[in-house]
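The chain contents come next:
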Amino acid sequence: MSSGRVMVKLKDFFAHLGSREVLTPIFYGQILSLLICGTAITSNLLVQNYNANIPLTQSLCNYSLLALFYGTRLVASKNEEGRSIFLQTLKTVGWKYLLLSVTDVMANYLVVKAYQFTSLTSVQVLDCFIIPVVMTLSWFVLKTRYRIVHFVGAGIALSGVACMITADVVLGKSKQGPNPLLGDILVLSGASCYGFSNVGMEFFMKGRPAAHTEVLGMYGIFGSVISGVLVAGLERQALRDVVWSLESGGVLLGFTACMFILYTCMPLVMKMSSAATVNLSILTADLYALFVGIYIFHYKFSPLYIVSFFVIFASLLIYNSRPPGSARVAHDEEIGSSPNNVDSAPQRNSSPESICLDSSDETMQQTKPFIAKK
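Quick caveat, the model's predicted, so the values are computed rather than measured.

**Thoughts on the side chain of Thr118**
Mapped onto the elements of the fold, Thr118 is located in the loop between α4 (85–114) and α5 (120–127). Judged by its relative accessible area of 6%, Thr118 falls in the buried class. Looking at Thr118, its side chain comes within polar contact range of the side chain of Asp184, at 3.2 Å. Setting aside chain neighbours within four positions, we find Thr118 in contact with Val123, Gly177, Pro180, Gly183 and Asp184.

**Some thoughts on the packing of helix α3 (residues 55–76) against helix α11 (residues 246–272)**
Relative orientation of the contacting elements α3 and α11 amounts to 55 degrees, with a least axis distance of 9 Å. Between α3 and α11, the angle is such that the two are oblique. Considering the relative orientation of α3 and α11, their crossing is right-handed. Residues Gln58, Cys61, Asn62, Tyr63, Leu65, Leu66, Phe69 and Tyr70 of α3 form the contact with α11, whose own contacting residues are Leu252, Phe255, Thr256, Met259, Phe260, Tyr263 and Thr264. The class makeup of the residues in the contact of α3 with α11 is 11 nonpolar, 4 polar and no charged.

**Here's the deal with the packing of α3 against α4**
A pair of packed helices is captured by two measures, namely the crossing angle of their axes and the spacing between those axes. Where α3 meets α4, the axes come as close as 12 Å, and the angle between the chain directions of the two elements is 165 degrees. Here α3 is positioned roughly antiparallel relative to α4, judged by the angle of their axes. Between α3 and α4 lies a crossing whose hand is right-handed. Contacts from Pro55, Leu56, Ser59, Tyr63, Leu74 and Val75 in α3 reach Ile85, Phe86, Asp104, Val105, Asn108, Tyr109 and Val112 in α4.

**Some words on the nonpolar core**
Within the largest apolar cluster, 92 residues are counted, with the highest numbers of intra-cluster contacts made by Leu32, Tyr97, Val215 and Leu280. The element best represented in this core is α4, accounting for 11 residues. Among residues more than four places away in sequence, those in contact with Leu280 are Ile131, Ala154, Ala157, Ile312, Leu316 and Tyr319. Among the nonpolar cores identified, the runner-up in size contains 7 residues, and Ala52, Ile54, Val251 and Leu252 belong to it.

Conventions adopted
- Every residue gets a number counted from 1 within its own chain, in the order that chain's sequence is written.
- Note on the predicted model: pLDDT of at least 70 is required for a residue's local features to be given, and 80 or more for side-chain atom pairs to be given and counted; whole-chain, interface and lining totals, by contrast, use all residues.
- By convention in this description, side-chain values take in all heavy atoms of the structure and omit both hydrogens and water.
- In this text, helices come from DSSP runs of H or I with a minimum length of four residues, and strands from runs of E with a minimum of two, each type numbered from the N-terminal end.
- The classification of residues rests on relative accessible area computed with a 1.4 Å probe and restricted to protein chains. Under 20% of the type maximum is buried, over 50% is exposed, and intermediate values are partly exposed.
- Each polar contact in these results corresponds to two N or O atoms within 3.5 Å; when the atoms are within protein, one needs to be able to donate a hydrogen and the other to accept it, and residues that are neighboring in sequence are counted only if both atoms are side-chain atoms.
- By definition, residues are in contact when any of their heavy atoms lie within 4.5 Å.
- Every axis corresponds to a line fitted to the C-alpha atoms, with the helix fit spanning only the stretch in contact, and the corresponding angles, defined between N-to-C directions, vary from 0 to 180 degrees.
- Orientation categories follow fixed angle ranges, with anything under 35 degrees roughly parallel, anything over 145 roughly antiparallel, 65 to 115 roughly perpendicular, and all other angles oblique.
- Left-handed is the label given to a crossing in which the near helix is rotated counterclockwise from the far helix by less than a right angle, and right-handed is the label when the rotation is clockwise.
- Under this grouping Gly is polar, as are all residues other than the nonpolar Ala, Val, Leu, Ile, Met, Phe, Trp, Tyr, Cys and Pro and the charged Asp, Glu, Lys and Arg.
- As used here, the term nonpolar core means buried Ala, Val, Leu, Ile, Met, Phe, Trp, Tyr and Cys residues forming a set that is joined through side-chain atoms within 4.5 Å.

Interpretation note: all reported values are geometric properties and have no functional meaning in isolation.
So this is what it looks like as structure tokens:
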């Protein structure tokens with residue numbers, strides 16, 4: 001191949017990297033990262049200023065709002081025959097939504113709990129386990145077929161995380177916890193739960209007509225019950241220890257707002273891209289939280305944070321430069337048909353204008369905002 005043809009191909013490749021097809025998923029992914037940053041900052045404020053180490057209660061607030069906004073709409077909806085769509089959904093796929101809700105709630109709790117036993121560095125390293133979990137589950141469940149460029153992009157993204165972790169080690173943030181083995185097991189378990197929940201969300205979003213209200217309604221209803229039970233059993237004393245005031249209530253409200261918008265928008269971004277793309281995109285959330293924390297919490301700065309950000313961003317360009325092989329999403333009869341769902345029509349494509357941009361990221365203390373990494 002002549003040098004001229006090589007230059008033409010390189011020019012076309014870099015031109016493609018700047019196309020809307022490549023940049024749109026990255027753009028919305030960064031909005032998700034900023035929302036996760038918002039949950040990180042508000043969680044940290046709650047812990048530092050108001051002694052509010054109450055991650056399950058924070059989850060309960062989010063799930064309750066999802067249940068109120070989407071769950072009530074789902075419960076009130078009926079099909080053309082006048083039958084409850086909610087009851088039909090419970091009969092056909094209710095157990096699947098229950099399982100996904102359990103994994104979503106437990107993912108948040110397990111990763112937060114891990115900070116009590118192991119170091120920040122260990123959590124950051126092992127939390128990246130969600131990337132291979134999501135890609136593996138997508139391969140088998142969604143029948144996604146990755147190309148070499150996707151594995152290269154994922155590898156570069158993880159190297160960007162390595163830069164961030166190196167900076168944390170240099171700045172002395174890698175203090176050993178009281179039980180590192182238990183903490184590491186909790187992180188790996190939480191990351192696995194996140195991956196399961198995220199792929200399940202993508203599965204329903206791409207496999208059922210107009211699934212947005214259904215997915216968030218079921219997550220909200222089941223998540224509220226599960227987290228409510230856990231709060232009653234595990235956080236009663238922590239709630240008594242909180243310094244309650246208008247200020248702390250406002251911070252908690254800010255956290256809930258960020259989480260609600262995150263959970264509302266994440267399924268739409270997954271529908272237009274994939275769970276793997278979303279989880280690679282939100283690797284920058286830690287960095288956004290660090291940059292904001294430099295001014296609010298006086299974190300120390302390292303140039304490696306800037307290097308990490310650009311490495312991760314470059315990896316997203318590479319990963320999105322070619323779409324994966326077509327995912328063969330299961331037919332409606334495999335997951336339960338819903339021909340008359342809450343929304344008026346199937347949403348085959350989510351346009352950029354229709355998406356308002358979950359997860360969750362750590363607060364540099366013993367609290368981690370919740371994602372899935374909604």
